[in-house]
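# Secondary and tertiary structure notes
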Amino acid sequence: MSTGFVYILSAPSGTGKTTVGNLLLKEIPFLERVITATTRKPRDGEIHGKDYYFLEEQTFKRKIEEGFFLEWAKVYRYYYGTPKSEVERITSQGKDALLIIDVQGAFQVKKLLPNAITIFLLPPSLEELKKRLLQRGEKELDERFEWAKKELPCARYFDYAVVNDRLEKTVEEIKSIMLANRRRTSFLFNNEHYKLFNVGGDILKAILGGKCNAEKI
Ligand code: ADP
Ligand code: 5GP
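Described below are features of the structure shown in this document.

What counts, and at which threshold
Residues numbered from 1 in each chain as written. Chains lettered and ligands numbered in written order. Predicted model: local features only at pLDDT ≥ 70, side-chain atom pairs only at ≥ 80, totals over all residues. Heavy atoms only, no water. Buried < 20%, exposed > 50% of the residue type's maximum accessible area, 1.4 Å probe, protein only. Helix = DSSP H or I, 4+ residues; strand = E, 2+ residues; numbered from the N terminus. Pairing = 2+ DSSP bridges. Near = heavy atom within 4 Å. Polar contact = N/O pair within 3.5 Å; in protein donor to acceptor, adjacent residues only side chain to side chain. Areas by Shrake-Rupley, 256 points an atom, 1.4 Å probe, with all protein chains shown as cover. Nonpolar A, V, L, I, M, F, W, Y, C, P; charged D, E, K, R; others polar. Contact = heavy atoms within 4.5 Å.

Burial runs high along strand 5 (residues 69-75): five of the seven residues are buried. In terms of strand pairing, strand 5 meets strand 6 (residues 78-83) through six bridges, oriented antiparallel. Its bridge partner lying in strand 6, A73 is registered against Y80. The antiparallel hairpin formed by strand 5 and strand 6 contains two residues in its connecting segment, where Y76 sits at a positive phi of about 55°.

Attention now goes to the site of ligand 2. As a structural note, the neighbourhood of ligand 2 is formed by 16 residues, with R40, Y52, E71, Y80 and D102 the closest of them. In the environment of ligand 2, an oxygen atom lies 3.3 Å from a nitrogen or oxygen atom belonging to the backbone of T82. Between R144 and ligand 2, the recorded distance is 2.8 Å, taken from a side-chain N or O atom to an oxygen atom. In isolation ligand 2 exposes 500 Å². Once the protein is present, 95% of that is buried. Elements with a minimum of two residues in the shell around ligand 2: strand 5 and strand 6. If one sorts the elements of the shell around ligand 2 by residue count, strand 6 sits on top with three residues. Looking at side-chain class alone, the shell around ligand 2 contains six nonpolar, four polar and six charged residues.

Mapping T38 onto the fold places it in strand 3 (residues 37-38). Not counting chain neighbours up to four residues away, the residues in contact with T38 comprise Y52, Y53, F54, L55, F60, Y78, Y79 and Y80.

The subject of this paragraph is the side chain of S13. Its place among the elements puts S13 in the loop between strand 1 (6-10) and helix 1 (17-27). We classify S13 as buried; its relative accessible area is 5%. Within the structure, S13 has its side chain in polar contact with the side chain of R144 (distance 2.9 Å). Setting aside its immediate chain neighbours within four residues, S13 contacts Y76, L129, L133, R136, R144 and E151.

By themselves these figures say nothing about function.
In C-alpha cells, the structure reads:
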C-alpha cells in the first residue's frame, strides 16, 4: 500500500498560511491540499469545493455525528473540520496531504496520526501580524488578533517552526522539510515509493535484492 505523508500547517490567523500553502502547492507536484469544511460564510472570491466546503451549521453537526471528520474544532464562532475521506484519498495515491488548519485541529490530528508532521508558521512580529490582518480587510480584526496571541505558545509543541518573513524564503524552508522526508529510507525502501526515486533500475535492484554486510557489525 502506497502512502504519503500528512503535513499540518498551522499559524495564527493572518500569518500567511493560505498564501504560503498555495505557493507550496504550486511548486510541489506530490503535494495536495485537503479541502476542509466550515460553517463560515464565503469571503469574496471563495468557491465551494475549492477553498472550503461551506456547510450550514445543522449539516456540519450531522456530519460530526456520522464520524465524517478526522478532527473538527470551533474557531472564533464557526465550525471547521477535516473530512477523513479527503486525507485518505490523497495519501493512498502516494501523495502528501497538506492540512491548513488551526492549532486545536493540529493537536487532534497529531494524536490520531502520530506520523503526521506539524509545522507552525510564525509571524515576524505582532505588529506585522496586525498589519497583515488589516491588509486582508479582516472584519473580525480584534477577535482574531487576541486569539492569535493565545496560540503562539503552542508553537513549542510542533515538529517544526518557520518564520513567515520573506515569502520566498518561507516557502523554500518548508519545501526543504518536505523534500527531506521524501528522502527517508523508511519511506523509499519500505513500500512502493522507490518507484518515485530517480535512481537507475540496476542500483535499485542491488539495494532491494542484496544483503548489507554491515548488518553483522
Ligand atoms: P492566514 O491564512 O494565515 O490567515 P493569509 O495567507 O490570508 O493568512 O495572509 C494574510 C495577509 O498577509 C494576506 O494579505 C497576505 O497577502 C499577507 N502575507 C502573507 N504572507 C506574507 C509575507 N511573507 N509578507 C507579507 N505579507 C504576507
Ligand atoms: P479562516 O476563517 O480564516 O478561513 O480560517 C480560520 C482558521 O480555521 C484558520 O486557522 C484555518 O486554518 C482553520 N481551519 C480551516 N479548516 C480547518 C479544519 O478543517 N479544522 C480546523 N481545526 N481548523 C481549520
